[in-house]
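# A structural walkthrough
The primary structure of each chain is shown beneath.
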Amino acid sequence: MAAATSPSFRLMLLLLVCGMVLMASATSAKACPLYCLGGVVYATCPSSGTKKLPAGCNCCLSGLSGRGCTLHFNDGSTRPC
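Read on for an overview of the structure.

What counts as what
- Residues numbered from 1 in each chain as written.
- Predicted model: local features only at pLDDT ≥ 70, side-chain atom pairs only at ≥ 80, totals over all residues.
- Heavy atoms only, no water.
- Helix = DSSP H or I, 4+ residues; strand = E, 2+ residues; numbered from the N terminus.
- Buried < 20%, exposed > 50% of the residue type's maximum accessible area, 1.4 Å probe, protein only.
- Contact = heavy atoms within 4.5 Å.
- Areas by Shrake-Rupley, 256 points an atom, 1.4 Å probe, with all protein chains shown as cover.
- Pairing = 2+ DSSP bridges.
- Axes fitted to C-alpha atoms, helices over the stretch in contact; angles between N-to-C directions.
- Core = buried A, V, L, I, M, F, W, Y, C linked by side-chain atoms within 4.5 Å.
- Polar contact = N/O pair within 3.5 Å; in protein donor to acceptor, adjacent residues only side chain to side chain.

This next bit is on the overall build of the protein chain. A count of helical and extended segments in the protein chain gives 2 helices and 3 strands. Moving toward the C terminus, one meets the helices and strands of the protein chain in the order α-β-α-β-β. Considering the protein chain as a whole, with its 81 residues, one finds that 19% of them fall into the buried category. Within the protein chain, counting contacts between residues at least 6 apart in sequence, those at least 24 apart form 41% of the total. For the protein chain, the exposed area adds up to about 6,000 Å²; of that, 67% sits on carbon and sulfur atoms.

So, on to the sheet that holds strand S2 (residues 70-73). The strand order S1-S2-S3 describes an open sheet built from 3 strands, whose pairing is antiparallel. The strands lining the two open edges of the sheet, one partner per strand, are strand S1 (40-44) and strand S3 (78-80). Across the sheet, the axes of successive neighbouring strands diverge by a mean angle of 25°, strand direction being ignored. Summarising the sheet, S1 and S2 pair through 4 bridges and their orientation is antiparallel. Among the inter-strand pairings, Val40 is bridged to a residue of S2, identified as Phe73.

For the rest of this paragraph, the subject is the nonpolar core. Nonpolar side chains tend toward joint burial in soluble globular proteins. Of all hydrophobic cores here, the largest spans 10 residues; its members are Leu37, Val40, Ala43, Cys45, Leu53, Cys59, Leu64, Cys69, Leu71 and Phe73. Counting residues per element, the ones that place at least two in this core are S1 and S2. Ignoring any residue separated from it by four or fewer positions in sequence, one finds Val40 in contact with Ala55, Gly56, Cys57, Leu71, His72 and Phe73.

Right, let's talk about the side chain of Asn58 for a bit. By the element assignment, Asn58 lies in the loop between S1 and helix H2 (59-62). The class of Asn58 is buried, set by a relative accessible area of 2%. From its side chain, Asn58 meets the backbone nitrogen of Cys60 in a polar contact 3.1 Å long. Among all residues touching Asn58, those that are not within four sequence positions of it are Pro33, Tyr35, Leu37 and Leu71.

And the structure:
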């Protein structure tokens, strides 16, 4: 039982616990809604000027969330991301 209380064992255990805590705090999952908005034709983003960007089902699945982008629909309407 002496090996379980040795300083090197304690150090390894401490490093393992610290590593697990750091990995748990560094990983954050992004959950996107799994629905498609019908009629999305293209997207525009402030960082791209007037360039028409391809758009997916919704802002989140297209990777446009939080960037100030706008979805443009085939009926002329728009929706900010």
